[in-house]
Amino acid sequence: MKRMPTQGRVFRRGEPGFDAAVLGTTYTVRDPGRRPDILVQANDVYDVIAALGQAQRNAMRVGICSGGHSWAQNHIRDGGMMLDLSRLNSIAIHPAQRKAVIGPGCWAGELNAALAKHQLFFPTAHAFTVGMGGFLLQGGFGWSSRSLGMGCQNVIGIDVVLADGSLVHASETEHPELFWSARGAGPGFFGVVVRFHLQLHRRPRFIGLKTQVFRIQHLERVLEWADSVGPQVSNQVEFQIVMNPKALLINAHGLEVIAPVMADSWQEARAHVDFITRSPVRKLASLHLPLVPMSLDFMMKTGEKTLFLANTRWSADNMWMDDPIAPLLPAIRKIADTQPPHPSHALWLNWNPPASRPDMAFSVESRTYLALYCGLGQGVDESTHANWATDHMRALEPWSRGIQLADENLGRRPARFVSDANMARLDQARAKYDPHGRFHPWMGRLPAAAASGQGAEPVPRKCA
Ligand SMILES: Cc1cc2nc3c(=O)[nH]c(=O)nc-3n(C[C@H](O)[C@H](O)[C@H](O)COP(=O)(O)OP(=O)(O)OC[C@H]3O[C@@H](n4cnc5c(N)ncnc54)[C@H](O)[C@@H]3O)c2cc1C
């Protein structure tokens, strides 16, 4: 994915370049078949305000895109306007205050690189080109989020263009309901965030990676061990297992135990990952690497070059789970047995969240996270694999505590993504801030909420 150096312009459906401009916004190269009537590539906040005025006059629904990394391509909807904010990618850092103000189109890797120059840190997304706009709105499981909190917890204010075209600032004290909603509503947020105000942190002195690789036949033994030690793992460690058809260095179907760790020293980091070094399954490992210092920049770029390949037809699905892993192992074995080719992969993540978080829309998380990413390259048969992620997650639904919007698949498998109380509160805030249904809501919701009237989508109306 490359930055668009061009000046933004407006494309209407049917004009030369329209399709390419719409599809050029999305990370996954699958064509969803949906098209807006008009695409507005905003160059600045004034363009956003003008676009909202136009949408209002013409009773158009609006879809919003910052970095375009929604696996579900949430921003590409049928009809109405698509607003592309990728050019709003400024980064202003205020080192003395440990604060930054960024545009929504700024990439995770760009922010990280800018902060590294000041020895500062923010829990950005793990891959370089993920847009900070969508990442921060959906919650944001970022680097070091187990200790620093979700990305959205580190947002202290937002500048938002509302459905009526007005520009407001929202924080704990100004438009608090709008601010509360922006920290977790994700692809159903009802305003255009044009700037995020961020709280920064001191950069850890040591950043490194511990890795072990196992062949797939050890799946059950490795997951049972990981599940049992997970709750005791330091929150300085992102302990995860990637099921990869082309696992690192063995180049065969296997499990990569990957543990990025951040600490004040190499010794401290080594102590944090000692549970891997001395694990009872270590003797089964095909590859055991020592803890290696590694820059985040390198990890972010390498992740995209090896796992999250561009020019790939991606689809994803996920779930939070609370129960011990033993009863799930047969279903996870089936995931392995049916796994599409590389770069498709499955992620098991040790989460174990803190006992409490600030009051915000983000409210569903659990002990472990399981996500499936189906990535089909050119020439790989879509019909065989297209439902891999959705079908296996459906089979695991009895164990689900809900989903994370980061890897949402709501259009195909509606699931719970905030608590019921927060869903009701989001509906109230939407009714207040977007009474005419200018902005597209989530692509799917659970029928229970819809049946109670909460899920009904307002029909866009013309305003006076
Ligand atoms: C390769 C890859 C790696 C990823 N890694 C992580 C990770 O480490 N952690 C994690 O939590 N997630 C991760 N994700 C998921 C990612 O954070 C979400 O898909 C997020 O929505 C992407 O943000 P974006 O701006 O790029 O996406 P977009 O597709 O532009 O935005 C997604 C949706 O958010 C809303 N939105 C976006 N910008 C705005 C705005 N300015 N105002 C109002 N609404 C807006 C729109 O409804 C839009 O459809 C990853 C995704 C990919 C593809």
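So, how was this worked out
Residues numbered from 1 in each chain as written. Predicted model: local features only at pLDDT ≥ 70, side-chain atom pairs only at ≥ 80, totals over all residues. Heavy atoms only, no water. Near = heavy atom within 4 Å. Polar contact = N/O pair within 3.5 Å; in protein donor to acceptor, adjacent residues only side chain to side chain. Areas by Shrake-Rupley, 256 points an atom, 1.4 Å probe, with all protein chains shown as cover. Helix = DSSP H or I, 4+ residues; strand = E, 2+ residues; numbered from the N terminus. Nonpolar A, V, L, I, M, F, W, Y, C, P; charged D, E, K, R; others polar. Domains from an automatic or database assignment. Core = buried A, V, L, I, M, F, W, Y, C linked by side-chain atoms within 4.5 Å. Buried < 20%, exposed > 50% of the residue type's maximum accessible area, 1.4 Å probe, protein only. Contact = heavy atoms within 4.5 Å. Pairing = 2+ DSSP bridges. Axes fitted to C-alpha atoms, helices over the stretch in contact; angles between N-to-C directions. Buried area = accessible area lost by both parts, 1.4 Å probe. Salt bridge = Lys/Arg side-chain N within 4 Å of Asp/Glu carboxyl O. Phe/Tyr/Trp six-rings, centres within 6.5 Å; stacked < 30°, edge-to-face > 60°. Lys NZ or Arg CZ within 6 Å of the ring centre and 35° of its normal.

**Topic: the site of the ligand**
Around the ligand, 31 residues are found, and the nearest of them are S66, G68, N74, H126 and F141. At 2.7 Å from an oxygen atom of the ligand is found a side-chain nitrogen or oxygen belonging to N74. The separation between a nitrogen atom of the ligand and a polar main-chain atom of F141 is 2.7 Å. Protein contacts shield 96% of the accessible area of the ligand, which totals 960 Å² for the unbound molecule. Sort the elements by how many residues they give to the shell around the ligand and helix 4 (residues 132-137) lands first, with four residues. Of the residues assigned to the shell around the ligand, the class counts are 17 nonpolar, 14 polar and no charged. The residue makeup of the shell around the ligand includes at least three contributed by each of domain 1 (10-84) and domain 2 (91-202).

**Some thoughts on the nonpolar core**
Core analysis: the biggest nonpolar cluster contains 96 residues, and V48, L83, I158, F189 and L198 have the highest contact counts within it. If sequence neighbours within four positions are ignored, L198 has contacts with R98, K99, A100, I102, L111, F122, L136, N154, V155 and I156.

**Describing the sheet that holds strand 12 (residues 206-215)**
Reading across from one edge, 15-12-14-13-17-18-16-19 is the order of the eight strands in this open sheet, with antiparallel pairing throughout. Only two strands of the sheet have a single neighbouring strand rather than two, namely strand 15 (287-293) and strand 19 (400-402). Here the strands of the sheet are splayed against their neighbours by 25° on average, with no regard to which way each runs. In this sheet, strand 19 lies alongside strand 16 (residues 313-321) in antiparallel orientation, the contact comprising two bridges.

**Some thoughts on the domain arrangement of the protein**
Domain assignment breaks the protein into domain 1 (10-84), domain 2 (91-202) and domain 3 (206-407). If you average the C-alpha positions of domain 2 and of domain 3, the two centres end up 25 Å apart. Each side of the interface is counted separately: domain 2 has 32 residues, and domain 3 has 28 residues. When domain 2 packs against domain 3, close to 2,700 Å² is buried across both sides, 61% of that on carbon and sulfur atoms. When residues of domain 2 are sorted by the area they lose upon contact with domain 3, F141, W143 and R146 head the list and together hold 31% of the total. Inspection of the region where domain 2 meets domain 3 yields one salt bridge. Between R202 and D264 there is a salt bridge, with the nearest N and O atoms lying 3.2 Å from each other. Inspection of the domain 2/domain 3 interface yields 14 residue pairs in polar contact (both at pLDDT 80 or more). Where the side of domain 2 that touches domain 3 is concerned, the elements lending two or more residues are helix 3 (108-116), helix 5 (145-148) and helix 6 (176-182). Its residues assigned to classes, the side of domain 2 that touches domain 3 shows 13 nonpolar, 16 polar and three charged.

**Notes on the packing of aromatic side chains**
The final tally for this structure, using the stated rule, is 15 aromatic pairs. For the pair F417 and W442, a centre-to-centre distance of 5.0 Å together with 50° between the ring planes defines the contact as tilted. Highlighted residues: F417 in the loop between strand 19 and helix 14 (420-433) and W442 in the loop between helix 14 and helix 15 (447-451), separated in sequence by 25 residues. Both residues of the pair, F417 and W442, belong to the buried class. Put simply, the rings of Y27, W71, F308, W314 and Y373 pair up and form one aromatic cluster. Positioned over the ring face of W180 is R425, at 4.0 Å from the centre of the ring.

**A word on the pattern of salt bridges**
The final tally for this structure, using the stated rule, is 25 salt bridges. Here D31 ties to R35 by a salt bridge, and the two come within 2.8 Å at their closest N and O atoms. Among the residues examined, D31 registers a relative accessible area of 42% and is labelled partly exposed. On the basis of relative accessibility, which here comes to 9%, the residue R35 falls in the buried class. A salt bridge links R401 to D322, with the shortest nitrogen-to-oxygen separation between them at 3.7 Å. Of this pair, R401 sits in strand 19 while D322 is found in the loop between strand 16 and helix 11 (329-337), placing the two residues 79 residues apart along the sequence. By relative accessible area, which is 36% here, D322 ends up partly exposed. If you follow the salt bridges from partner to partner, you end up with D19, D31 and R35 in one network.

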